[in-house]
Amino acid sequence: MNSFNFLLNEKNNKHCGITMVLDKGLGFETSKSLMELSGEYVDYLKFGWGTTAIQDFNLVKDKVEMYKSFDMNPYVGGTLFEIAIIQSKLSEFFEEADKLGFETLEVSDGTIDIPHSEKIDYISQAKDLGFEVLSEVGKKDLEKDNKISLDDRINYIKKELDAGSSKIIIEAREGGKSIGVFDEKGNAKGNEVDYILNKTKSDDLIWEAPNKNQQVYFILKIGHDVNLGNISSDEIISLETLRRGLRGDTLGKL
Amino acid sequence: MNSFNFLLNEKNNKHCGITMVLDKGLGFETSKSLMELSGEYVDYLKFGWGTTAIQDFNLVKDKVEMYKSFDMNPYVGGTLFEIAIIQSKLSEFFEEADKLGFETLEVSDGTIDIPHSEKIDYISQAKDLGFEVLSEVGKKDLEKDNKISLDDRINYIKKELDAGSSKIIIEAREGGKSIGVFDEKGNAKGNEVDYILNKTKSDDLIWEAPNKNQQVYFILKIGHDVNLGNISSDEIISLETLRRGLRGDTLGKL
Amino acid sequence: MNSFNFLLNEKNNKHCGITMVLDKGLGFETSKSLMELSGEYVDYLKFGWGTTAIQDFNLVKDKVEMYKSFDMNPYVGGTLFEIAIIQSKLSEFFEEADKLGFETLEVSDGTIDIPHSEKIDYISQAKDLGFEVLSEVGKKDLEKDNKISLDDRINYIKKELDAGSSKIIIEAREGGKSIGVFDEKGNAKGNEVDYILNKTKSDDLIWEAPNKNQQVYFILKIGHDVNLGNISSDEIISLETLRRGLRGDTLGKL
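The rules we used
Residues numbered from 1 in each chain as written. Chains lettered and ligands numbered in written order. Predicted model: local features only at pLDDT ≥ 70, side-chain atom pairs only at ≥ 80, totals over all residues. Heavy atoms only, no water. Pairing = 2+ DSSP bridges. Helix = DSSP H or I, 4+ residues; strand = E, 2+ residues; numbered from the N terminus. Axes fitted to C-alpha atoms, helices over the stretch in contact; angles between N-to-C directions. Contact = heavy atoms within 4.5 Å. Least-squares fit on C-alpha atoms with pLDDT ≥ 70 in both. Core = buried A, V, L, I, M, F, W, Y, C linked by side-chain atoms within 4.5 Å. Buried < 20%, exposed > 50% of the residue type's maximum accessible area, 1.4 Å probe, protein only. Buried area = accessible area lost by both parts, 1.4 Å probe. Salt bridge = Lys/Arg side-chain N within 4 Å of Asp/Glu carboxyl O. Polar contact = N/O pair within 3.5 Å; in protein donor to acceptor, adjacent residues only side chain to side chain. Nonpolar A, V, L, I, M, F, W, Y, C, P; charged D, E, K, R; others polar. Right-handed = clockwise from strand over helix to strand, strands pointing away. Parallel < 35°, antiparallel > 145°, perpendicular 65-115°, else oblique. Left-handed = near helix turned anticlockwise from the far one by under 90°. Patch = residues over 30% accessible without salt bridge, like charges linked within 9 Å, V, L, I, M, F, W, Y side chains within 5 Å. Areas by Shrake-Rupley, 256 points an atom, 1.4 Å probe, with all protein chains shown as cover. Lys, Arg positive; Asp, Glu negative; His and termini not counted. Charge placed at Lys NZ, Arg CZ, Asp CG, Glu CD. pLDDT = per-residue confidence, 0-100.

**Student:** So what's going on with the sheet that holds strand 3 (residues 73-76) of chain C? Which residues, and what values?
**Tutor:** Strand pairing in a sheet takes place through backbone hydrogen bonds and is either antiparallel or parallel in direction. All names here are of chain C. Here we have 8 strands rolled up into a closed barrel, ordered 1-2-3-4-5-6-7-8, and parallel in their pairing. Adjacent strand axes in the sheet meet at a mean angle of 30° when their direction is disregarded. Of the strand pairs in this sheet, strand 4 (residues 104-107) and strand 5 (residues 132-137) are connected by 4 bridges, and their pairing is parallel. Its bridge partner being in strand 5, Glu106 is matched across the sheet by Leu134. Against the sheet, helix 10 (residues 236-244) touches strand 1 (19-23) and strand 8 (228-232), its axis set at about 135° to strand 8.

And the structure:
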């Protein structure tokens, strides 16, 4: 039972919408302590980019198990997947992910340049092996990212969902500035967001939105149950209060 | 006994001025470990806005007790109080706060619009129930905040002190930009600060000053014993070193 | 054995280059938990500025011992050394540092104004007592810092190395903006970096580079084994992935 639970009502008394959190290297005890407080509000937990490749196997395995005990899906950042592609070590990658206890994987092409049909094939392969697949649309390099038209993005989203991705992540990196639908100040480009929303189902997307103003934007625009990603581990509780109208930015506006 | 304690002198060998720290969702073990290191420099500990309403009752209770064991006053952010007002559940709010072990409360109108006389009444009510009351002056919404004249602010401060508030918090939110006495870059508007200082007693105020440049500004302007709030839990030790002249920004300037 | 270790190759399967991390007041358990995950990537651990003077002797001693158990060199920020100079308590300072278990010290003149020959003398004294010495070049005050010509900087670097400093730290503070080789946006001034690199050995320097874009800049410019300092404790793993080409910013570019 929450404290002050009588202040919650039918509209805001439960967690709605996907929250995907970024772990970029928390100590085990620190993350466990954090999850005891806020784990119920986390749906996906991403071990960022290639961070797991420089962490001890057993430590990662223990963390995966710990995160799963709080009913969230831990997964490995797409960059590590891309490195496995570059090195032609995809089968070893799948095997190791399984040994570590991961049941979800991210398939992305944020850094590598591959034909989209090849990406689709990787999604299918991971799916066939029994993994849940999240796939990401967008390039980490600004110049490359700008070359993808909105129609191409929407086309990719649809094809990746068809291939079996459970959700499509809209790239915004850890910083959230000058990338994807965010301008150089980190403000959302409303017309681009609208265009994407008109042609897709919001429920199929996870918007990376690392900064508070971006979280507020999406909650007020799409709803308290919008799917948001790349949430800092420091901001789990804050985001949940934004979703529930328990912080000034969204209080009375949902 | 501190390490290197012989480097402290009469002027800087003890903690002066109120430090109010923001807890926006620290794990229990993490906050306990932090307080073992720095708890002696914390006077008030705010569970930010509505964060407690999505945390387990017993976990909040344990945290309150833990914080109190380090001789600080934990309290609930004003936004939760405002939600109780909106829902006409003030008596339940007071009762729950008491059950959780809180002995201090914040009365604010940062988001809700109520007559000031009503706010004064809430301060009295909380006081009569035996709580220490901190009250906050300022609106979280920039446009609304700009409409409050400096003279109104000073009038509110005086009336709230008369009604029993032990200190008045000057709103600056977690971000500290484009709000209250801070401009869009987070720099203090000197003339506004001066105006307020001329008409009030500095000791009655707690300035929310989340950013380091703001902390340095107030320490150099008002003194090492200025009351500062919304200090990030990461910055407790840093702020205390600024107060003592143990960091470059204030060394030799106090 | 790391997880996904088969994705590392001869070029990136080990930690290269010095990483100096800033501890500005982590709880003991939190820092221990962090070091269990990432301690192998930390070479120097700085207790920032005067933070140790407001921490309990035994707590600092325990932390020093803990850090040393992970094979890194903890040391006290130069500001505390400067305070000892101001107070003419250098011998007490050396004695206390030794009692606490420190084997490395930083000699700096970032805040105090002393003749360079005097600084050289302090380096020699610390060295003669058996300490490893890191010395820092640069002023914390922008105006004062701007008055040091590049040639003076290079001259200081050479003399301090001759006097026994094992590495020279290039000042950038915790913020990394408008200081040393960084402009007001925190971008490196390429011509200044080039000038310094042309006249010194990169291996003799530790560049303070608190922000990610600065870390990426130096890694791409100088190499994955560049020596970097003032790394936030939150960014240890991130920096190591940048060094190894395991993050988008450096993947395929090393």
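**Student:** A description of the relation of the copies chain C and chain B should follow, citing residues and the corresponding values.
**Tutor:** Overlay of chain C on chain B (RMSD 0.0 Å): rotation 120°, translation along the axis 0.0 Å. Taken together, the turn and the small shift mark the pair as related by a three-fold rotation axis. Every residue of chain C has its C-alpha some distance from the rotation axis, and the shortest such distance is that of Thr30 of chain C, at 3.6 Å. Comparing interface residues between copies, only 3% of those in chain C also sit at the interface in chain B, which points to a heterologous contact through distinct surfaces.

**Student:** For the nonpolar core, give the residues involved together with the corresponding values.
**Tutor:** Core analysis: the largest hydrophobic core is formed by 207 residues, its most contacted members being Phe93 and Trp207 of chain A, Phe93 and Trp207 of chain B together with Phe93 and Trp207 of chain C. Not counting chain neighbours up to four residues away, the residues in contact with Phe93 of chain A comprise Leu80, Phe81, Ala84 and Leu105 of chain A together with Phe4, Phe6 and Leu7 of chain C.

**Student:** Give me the lowdown on the interface of chain A and chain B, citing residues and values where you can.
**Tutor:** Between chain A and chain B, the residue contacts involve 29 residues of the former and 36 residues of the latter. For the pair chain A and chain B, the summed buried surface comes to about 2,700 Å²; carbon and sulfur atoms form 61% of the total. Looking only at chain A, the three residues that lose the most surface to chain B are Phe4, Leu7 and Leu37 of chain A, adding up to 26% of its buried area. The interface formed by chain A and chain B holds 3 salt bridges in total. The salt bridge involving Arg173 of chain B is made with Asp249 of chain A; its shortest N-O contact spans 2.8 Å. Linking chain A with chain B are 15 residue pairs in polar contact (both at pLDDT 80 or more), by the criterion used here. For the side of chain A that touches chain B, the secondary structure elements donating two or more residues are helix 1 (28-38) and helix 10 (236-244) of chain A. A per-class count over the side of chain A that touches chain B returns 11 nonpolar, 9 polar and 9 charged.

**Student:** An account of the sheet that holds strand 3 (residues 73-76) of chain A is requested, with residue identities and associated values reported.
**Tutor:** All names here are of chain A. Reading around the barrel, the 8 strands line up as 1-2-3-4-5-6-7-8 and close back on themselves, with parallel pairing between neighbours. Strand after strand, the sheet turns through a mean of 30° between neighbouring axes, direction not considered. Inspection of the sheet shows strand 1 (residues 19-23) paired to strand 8 (residues 228-232) by 3 bridges, in the parallel sense. Residue Leu22 lies in a different strand from strand 8, and its bridge partner there is Ser232. Lying over the sheet, helix 2 (residues 57-69) contacts strand 1, strand 2 (44-47) and strand 3, oriented at roughly 165° with respect to strand 2.

**Student:** Got a sec to walk through the environment of Asn211 of chain C? Specific residues and values, please.
**Tutor:** Residue and element names in this part refer to chain C. Examined against the element boundaries, Asn211 turns out to sit in the loop between strand 7 (205-208) and helix 9 (212-222). Overall, Asn211 belongs to the partly exposed group, its relative accessible area being 23%. Note: C-alpha distance between Asn211 and Asn230 (19 residues apart in sequence) is 9.0 Å. With near-sequence residues (within four places) excluded, Asn211 lies in contact with Gly175, Gly176 and Lys177. Polar contacts involving the side chain of Asn211 include one to the main-chain carbonyl oxygen of Gly175, which spans 3.0 Å.

**Student:** Give a description of the relation of the copies chain A and chain B that names residues and reports values.
**Tutor:** Of the transformation superimposing chain A on chain B, the axial component is 0.0 Å and the angular component is 120°, with the fit at an RMSD of 0.0 Å. In this assembly, only 3% of the residues forming the interface of chain A have copies in chain B that are likewise at the interface, indicating a heterologous arrangement.

**Student:** Before we move on, can you summarise the pairing of strand 4 of chain C with the specific residues and values?
**Tutor:** Residues and elements named next belong to chain C. Burial along strand 4 is two-sided: the face carrying Thr104 and Glu106 and the face carrying Leu105 and Val107 are both buried. Note: strand 3 against strand 4, 2 bridges, orientation parallel. Each bridged residue has a counterpart across the sheet, and for Tyr75 the counterpart in strand 4 is Thr104. Regarding the hand of the β-α-β motif, the stretch spanning strand 4, helix 5 (residues 116-128) and strand 5 is right-handed.

**Student:** Now, about the packing of helix 9 (residues 212-222) of chain A against helix 10 of chain A: what can you tell me, with residues and values included?
**Tutor:** All names here are of chain A. Where helix 9 meets helix 10, the closest approach of the two axes is 10 Å, and the angle between their N-to-C directions is 25°. The angle between helix 9 and helix 10 falls in the class roughly parallel. Regarding helix 9 and helix 10, the two cross each other, and that crossing is right-handed. Contacts from Lys212, Gln215, Val216 and Ile219 of helix 9 reach helix 10 at Leu239, Leu242 and Arg243. Taken together, the residues of the contact of helix 9 with helix 10 break down into 4 nonpolar, 1 polar and 2 charged.

**Student:** Outline the pattern of salt bridges, listing residues and values.
**Tutor:** With the rule as written, the count across this model stands at 63 salt bridges over all chains. Glu174 of chain B serves as the salt-bridge partner of Arg247 of chain A, at 2.8 Å between the closest nitrogen and oxygen. Of this pair, Arg247 of chain A sits in the segment after helix 10 while Glu174 of chain B sits in the loop between strand 6 (167-170) and helix 8 (190-199), which puts the two residues in different chains. Note that Lys119 of chain C and Glu160 of chain C form a salt bridge whose closest N and O atoms lie 2.9 Å from each other. Note that Lys119 of chain C is positioned in helix 5 and Glu160 of chain C in helix 7 (residues 150-163), a separation of 41 residues in sequence. When sorted by exposure, Lys119 of chain C lands in the same class as Glu160 of chain C, which is buried. One network of salt bridges, with partners in common, ties together Lys24, Arg173 and Glu174 of chain A together with Lys212, Glu235, Arg247 and Asp249 of chain C.

**Student:** Can you break down the interface of chain C and chain B residue by residue, with the values?
**Tutor:** Opposite the 36 residues of chain C that make contact, chain B presents 29 residues. At the boundary of chain C with chain B, total buried surface from both sides reaches about 2,700 Å², with 61% on carbon and sulfur atoms. Considering only the surface of chain C that becomes buried against chain B, Lys24, Trp49 and Ile54 of chain C emerge as the three largest contributors, covering 24% of it. Close ionic contact of Glu235 of chain B with Lys24 of chain C constitutes a salt bridge, the shortest N to O distance being 2.4 Å. Taken together, the connections running from chain C to chain B amount to 15 residue pairs in polar contact (both at pLDDT 80 or more). No other element matches helix 3 (residues 78-86) of chain C, which puts 5 residues into the side of chain C that touches chain B. Considering only residue class, the side of chain C that touches chain B consists of 16 nonpolar, 10 polar and 10 charged.

**Student:** So, a negative patch on the surface: which residues are in play, and what are the values?
**Tutor:** Where like charges cluster on the molecular surface, the negative patch consists of Glu40 of chain A together with Asp56, Asp62 and Glu65 of chain B. Secondary-structure assignment places Asp56 of chain B in the loop between strand 2 (44-47) and helix 2 (57-69).

**Student:** Before we move on, can you summarise the confidence of the model for chain A with the specific residues and values?
**Tutor:** As a general rule, the predicted coordinates of low-pLDDT regions are not to be interpreted in detail. Residues with a pLDDT of 70 or more make up 100% of chain A, whose mean pLDDT is 97. Both scores are given for the predicted complex: the pTM is 0.97, the ipTM 0.96.

**Student:** I'd like a description of the packing of helix 7 (residues 150-163) of chain B against helix 8 of chain B, backed by residues and values.
**Tutor:** Residue and element names in this part refer to chain B. Where helix 7 contacts helix 8, the axes come no closer than 10 Å and their chain directions differ by 40°. As for how helix 7 packs across helix 8, the hand of that crossing is right-handed. Across from Leu150, Asp151, Ile154, Ile157 and Lys158 in helix 7, the residues of helix 8 making contact are Glu192, Tyr195, Ile196 and Lys199. Split into classes, the residues belonging to the contact of helix 7 with helix 8 amount to 5 nonpolar, no polar and 4 charged.

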